[in-house]
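Read off the chains here:
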Amino acid sequence: MTVLAAIEAGRRTCGEVFREPLGVPDRTPRHTIGEVSAASGLTAHTLRWYERIGLLDPVDRSASGQRRYSDGDLHRLAFLGRLRLTGMPVADMLRYVELARQGDRTSADRRDLLLAHREEVRQRIADLHATLAVLDHKIDLYDGRVACG
């Protein structure tokens, strides 16, 4: 079954939704905190913290009070994970989420926030490339491919 067919059939697992957050997310609360933790690599404590500080909307609960996450929650977590990988501070992530909650009228502000962050990421990448070149040179020295001098 293709990813698109699985989306349309509503048969995607928690891990599949997290790894490939495609299409309009199903808002049915069905994933346990353990499943989301396993799929995302985030601890249950971190997931509860994300909810408490507002990165996630309040998560639905089962009749017994256990958290149940929707595919929409997983889509947001996947995006937040990407932002964290880029080094975006939690405060900026919160600002983005707050703007998103306000709807389409804040799309320019969200775009500006992402543009500014993209520039920071590009600078860090450039710094890492320069650092990698230094490491490669030192390794070449140790391997005898470059003369000390």
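Residues numbered from 1 in each chain as written. Predicted model: local features only at pLDDT ≥ 70, side-chain atom pairs only at ≥ 80, totals over all residues. Heavy atoms only, no water.

Draft legend 1. How the structure looks around the sheet that holds strand S3 (residues 67–69). Taken together, three strands build an open sheet; the order of strands is S1-S3-S2 and the sheet is antiparallel. Both edges of this open sheet fall to strand S1 (31–32) and strand S2 (60–61), since each of them pairs with a single strand only. (Pairing = 2+ DSSP bridges. Helix = DSSP H or I, 4+ residues; strand = E, 2+ residues; numbered from the N terminus.)

Draft legend 2. Broad picture of the nonpolar core. If you look at the biggest cluster of nonpolar residues, it comprises 21 residues, and the most contacted ones within it are Val-36, Tyr-50, Leu-55, Leu-77, Leu-80 and Met-93. Secondary structure elements with two or more residues in this core: helix H2 (14–19), helix H4 (44–53), helix H5 (71–85) and helix H6 (90–101). The residues touching Leu-80, leaving out its near neighbours within four places in the chain, are Tyr-50, Leu-55, Met-93 and Val-97. (Core = buried A, V, L, I, M, F, W, Y, C linked by side-chain atoms within 4.5 Å. Buried < 20%, exposed > 50% of the residue type's maximum accessible area, 1.4 Å probe, protein only. Contact = heavy atoms within 4.5 Å.)

Draft legend 3. Quick peek at the packing of aromatic side chains. All told, the structure shown has two aromatic pairs when counted by the stated rule. Ring centres of Trp-49 and Tyr-50 lie 5.8 Å apart, and the angle between their planes is 45°; on these two criteria the pair is classed as tilted. Take Tyr-50: its relative accessible area is 7%, and that puts it in the buried class. Residues Phe-79 and Tyr-96 carry aromatic rings whose centres are separated by 5.3 Å and whose planes lie at 50° to one another, so their mutual orientation is tilted. Note that Phe-79 is positioned in helix H5 and Tyr-96 in helix H6, a separation of 17 residues in sequence. The class of Phe-79 is partly exposed, set by a relative accessible area of 33%. (Phe/Tyr/Trp six-rings, centres within 6.5 Å; stacked < 30°, edge-to-face > 60°.)

Draft legend 4. Up close: the environment of Val-36. The topology assignment puts Val-36 in helix H3 (residues 33–40). A C-alpha to C-alpha distance of 8.5 Å links Val-36 and Leu-47, two positions eleven residues apart in sequence. Setting aside its immediate chain neighbours within four residues, Val-36 contacts Cys-14, His-31, Gly-41, Leu-47, Tyr-69, Leu-74 and Leu-77.

Draft legend 5. Examining the pattern of salt bridges more closely. Scanning all chains against the criterion turns up five salt bridges. Across the pair Glu-51 and Arg-67 runs a salt bridge, and its minimum N-O distance is 2.7 Å. Taken together, the positions of Glu-51 in helix H4 and Arg-67 in strand S3 put the pair 16 residues apart, joining distant regions of the chain. On the basis of relative accessible area, Glu-51 is assigned to the buried category, the value being 15%. The shortest N-O distance in the salt bridge between Glu-119 and Arg-122 comes to 3.5 Å. Of this pair, Glu-119 and Arg-122 both sit in helix H7 (residues 107–142), separated by three residues, roughly a single helical turn. Residue Glu-119 is classed as partly exposed on the basis of its relative accessible area, which comes to 46%. Each of Asp-57, Arg-76 and Arg-101 takes part in a single network of salt bridges with overlapping partners. (Salt bridge = Lys/Arg side-chain N within 4 Å of Asp/Glu carboxyl O.)

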